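Working through the structure, step by step
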Amino acid sequence: MKNKQMDTMYYGKLEHNGWSFYLAATDNGLCYVGSQNKAFDEVENWAAKKRQGAMLIHDEEKVSLYKEQLISYLDGTRTQFDVPIDLKGTTFQEMVWKELQNIPYGETVSYMDIAEKIEKPKAVRAVGAAIGANPVMILVPCHRVVAKDGKLTGFRGGISMKEGLLALESKK
């Protein structure tokens, strides 16, 4: 029987201009962006469910590059990210997450738009569930997805975090 190598996840906390959330990364890239003002157990619970057996190690240095890019985004000086991300989901989730990365900075699309882009127009609810499972908020910009009528709906980080990110992007 083959030994399954244990994943190591490094985590740190970004605190900048009123923003406060945890980040986690593997050697392959950023794998988790936490919700605004949530405790560390949010990261632990996610890792226990989605990266079973992963060892969490506090290491601000290992997440510093991700922090730097997120801080410049939060300051309004960065509109795109060029750091590696380490996404693991179902084939459907990964298809949705890939499509989210095509939404331009400062623009919004509907859940229906995403469903149509991935050629699954009847899968709007499944698209919503996949978006809700996105572990790398901001870099995979699920905050740019709104209801067909333009209303802000579900966001793992909370509606106020979604409002804040959209307001930040509308200043450009």
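Taking an unreviewed UniProt entry as the reference, the chain is identified by name as Methylated-DNA--[protein]-cysteine S-methyltransferase belonging to Oceanobacillus locisalsi.

Turning to helix 2 (residues 64–74), a few remarks are in order. Think of an α-helix as 3.6 residues a turn; residues three or four steps apart then line up on the same face. Residues of helix 2 that are buried include every one of Tyr66, Lys67, Gln69, Leu70, Ser72, Tyr73 and Leu74, and no others. At its buried positions, helix 2 is contacted by strand 1 (8–16), strand 2 (19–26), strand 3 (29–33) and helix 6 (159–170). Of the residues one or two after helix 2, Gly76 is the one with positive phi, at around 85°.

This paragraph deals with the pairing of strand 3. Extensive coverage of strand 3 is indicated by the burial of 5 of its 5 residues. In the sheet, strand 2 pairs with strand 3 via 4 bridges, with the strands oriented antiparallel. Bridge pairing links Ala24 to Tyr32 in strand 3.

Overall, mixed pairing links the 4 strands, which are arranged 3-2-1-4 in an open sheet. The outermost strands of the open sheet, each flanked by one partner alone, are strand 3 and strand 4 (55–58). Along the sheet, successive strands turn relative to each other by an average axial angle of 35°, direction set aside.

Now for the packing of aromatic side chains. Inspection of the entire model under this criterion finds 6 aromatic pairs. Put simply, the rings of Tyr11, Tyr22 and Phe40 touch in pairs and so form one group of aromatic residues. One Lys or Arg, Lys62, reaches over the ring of Tyr10 and ends 4.7 Å from the middle of that ring.

Bringing helix 5 (residues 124–132) into the picture now. Residues Val127, Ala130 and Ile131 constitute the buried set of helix 5. Along the axis of helix 5, the buried positions cluster into a sector of 100°, meaning they face one direction only. Structural note: helix 5 exposes Arg125 and Ala129 on the side pointing more than 90 degrees away from its buried face. Against helix 3 (91–100), helix 4 (111–117) and strand 6 (145–146) lie the buried residues of helix 5.

The residues that UniProt annotates with the feature "domain: Methylguanine DNA methyltransferase ribonuclease-like" (unreviewed entry) are residues 9–87. Annotation note: span residues 9–87, helix share 27%, strand share 32%, distance between end C-alpha atoms 13 Å.

Now for the nonpolar core. Judged by nonpolar contacts, the single largest core of 37 residues is most densely connected at Phe21, Val33, Val96, Leu100 and Ile138. Elements with a minimum of two residues in this core: strand 2, strand 3, helix 2, helix 3, helix 4, helix 5 and helix 6. Excluding residues within four positions of it along the chain, Leu100 makes contact with Ile114, Ile131, Asn134, Val140, Pro141, Cys142 and Val145. Within the second largest apolar cluster, 11 residues are counted, among which are Met9, Tyr11, Ala24 and Tyr32.

Turning to the environment of Gly158, a few remarks are in order. Looking at the element boundaries, Gly158 is found in the loop between strand 6 and helix 6. By relative accessible area, Gly158 is classed as partly exposed at 24%. A C-alpha to C-alpha distance of 13 Å links Gly158 and Trp19, two positions 139 residues apart in sequence.

Attention now goes to the pairing of strand 1. In terms of burial, strand 1 is largely enclosed, as 7 of its 9 residues are buried. Pairing analysis gives 4 bridges linking strand 1 to strand 4, with the strands arranged parallel. Along strand 4, the bridge assignment pairs Met9 with Leu56. Pairing between strand 1 and strand 2: 7 bridges, direction antiparallel. Of the residues in strand 2, the one forming a bridge with Lys13 is Tyr22. Linking strand 1 back to strand 2 in an antiparallel pair, the connection comprises 2 residues, with Asn17 at a positive phi of about 45°.

Parameters at a glance
Residues numbered from 1 in each chain as written. Predicted model: local features only at pLDDT ≥ 70, side-chain atom pairs only at ≥ 80, totals over all residues. Heavy atoms only, no water. Buried < 20%, exposed > 50% of the residue type's maximum accessible area, 1.4 Å probe, protein only. Helix = DSSP H or I, 4+ residues; strand = E, 2+ residues; numbered from the N terminus. Contact = heavy atoms within 4.5 Å. Pairing = 2+ DSSP bridges. Axes fitted to C-alpha atoms, helices over the stretch in contact; angles between N-to-C directions. Phe/Tyr/Trp six-rings, centres within 6.5 Å; stacked < 30°, edge-to-face > 60°. Lys NZ or Arg CZ within 6 Å of the ring centre and 35° of its normal. Arc of directions from axis to C-beta. UniProt positions renumbered as here; feature names shortened; annotations may be inferred. Core = buried A, V, L, I, M, F, W, Y, C linked by side-chain atoms within 4.5 Å.

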